Amino acid sequence: MSGTGGASPSQEATAEVEALQKALRAEHAAVYGYGFIGARSEDGERDRAARHLDAHRAQRDTVRAELVELDAVPAPAEAAYTLPDSDGREELAEFARRMEGTSGQAYLEVAGAAESGPLRGFAAESLQGATVRALEWGGGLETFPAYATGDPDAPN
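Residues numbered from 1 in each chain as written. Predicted model: local features only at pLDDT ≥ 70, side-chain atom pairs only at ≥ 80, totals over all residues. Heavy atoms only, no water.

A.B. asks: Describe the packing of helix H3 (residues 89–113) against helix H4 (residues 117–136), with residues and values.
C.D. replies: Angle between the axes and distance between the axes: these two values describe a pair of packed helices. Packing of H3 against H4 leaves a shortest axis separation of 8 Å and a crossing angle of 165°. Judged by the inter-axis angle, H3 sits roughly antiparallel to H4. Crossing handedness for the pair H3 and H4: left-handed. Every residue of H4 that contacts H3 at Arg97, Glu100, Ser103, Gly104, Tyr107, Leu108, Val110 and Ala111 is listed here: Leu119, Arg120, Phe122, Ala123, Ser126, Leu127, Ala130, Arg133 and Ala134. (Axes fitted to C-alpha atoms, helices over the stretch in contact; angles between N-to-C directions. Helix = DSSP H or I, 4+ residues; strand = E, 2+ residues; numbered from the N terminus. Parallel < 35°, antiparallel > 145°, perpendicular 65-115°, else oblique. Left-handed = near helix turned anticlockwise from the far one by under 90°. Contact = heavy atoms within 4.5 Å.)

Following this line, the structure appears as structure tokens:
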């Protein structure tokens, strides 16, 4: 997916690598989090958690490969991540929505930093996937998903 070009490749590559590292850290956390959700869910929610876990594993592997292609050392997974205090159904759904929001934000940043069209396309598809997964957990649809305020022109 990587490409070359642009006026200052080292600056662009650095921004691209930083954004990809952030996305990789979000994927590591999502893989961990969906393992937790799946272990505490039942029936259809367990199946949904398993599908989302598989999606985040694939995303993680793709981002890791992209970083290697850019000669960057992929960020390792943490030993543990913050989990919700309760494993009630609503708490788990809220936790999943937050993870997807974090993933969506990371891919929005990848799209903005990407040097190549293919990486931007991957980031856009990843943002779309995170948005759909959040909706499956009962989230609402923001006008501009992954913007902190839902509006790209609003001050943060």
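A.B. asks: An account of the packing of aromatic side chains is requested, with residue identities and associated values reported.
C.D. replies: Per the counting criterion, the structure on display carries 4 aromatic pairs. Taken together, a centroid distance of 5.3 Å and an interplanar angle of 55° make the contact between Tyr32 and Tyr81 tilted. Placement of the pair is Tyr32 in helix H1 (residues 9–40) and Tyr81 in the loop between helix H2 (43–69) and H3, with a sequence separation of 49 residues. Here Arg48 stacks its cationic end above the ring of Trp137, 4.5 Å away from the centre of that ring. (Phe/Tyr/Trp six-rings, centres within 6.5 Å; stacked < 30°, edge-to-face > 60°. Lys NZ or Arg CZ within 6 Å of the ring centre and 35° of its normal.)

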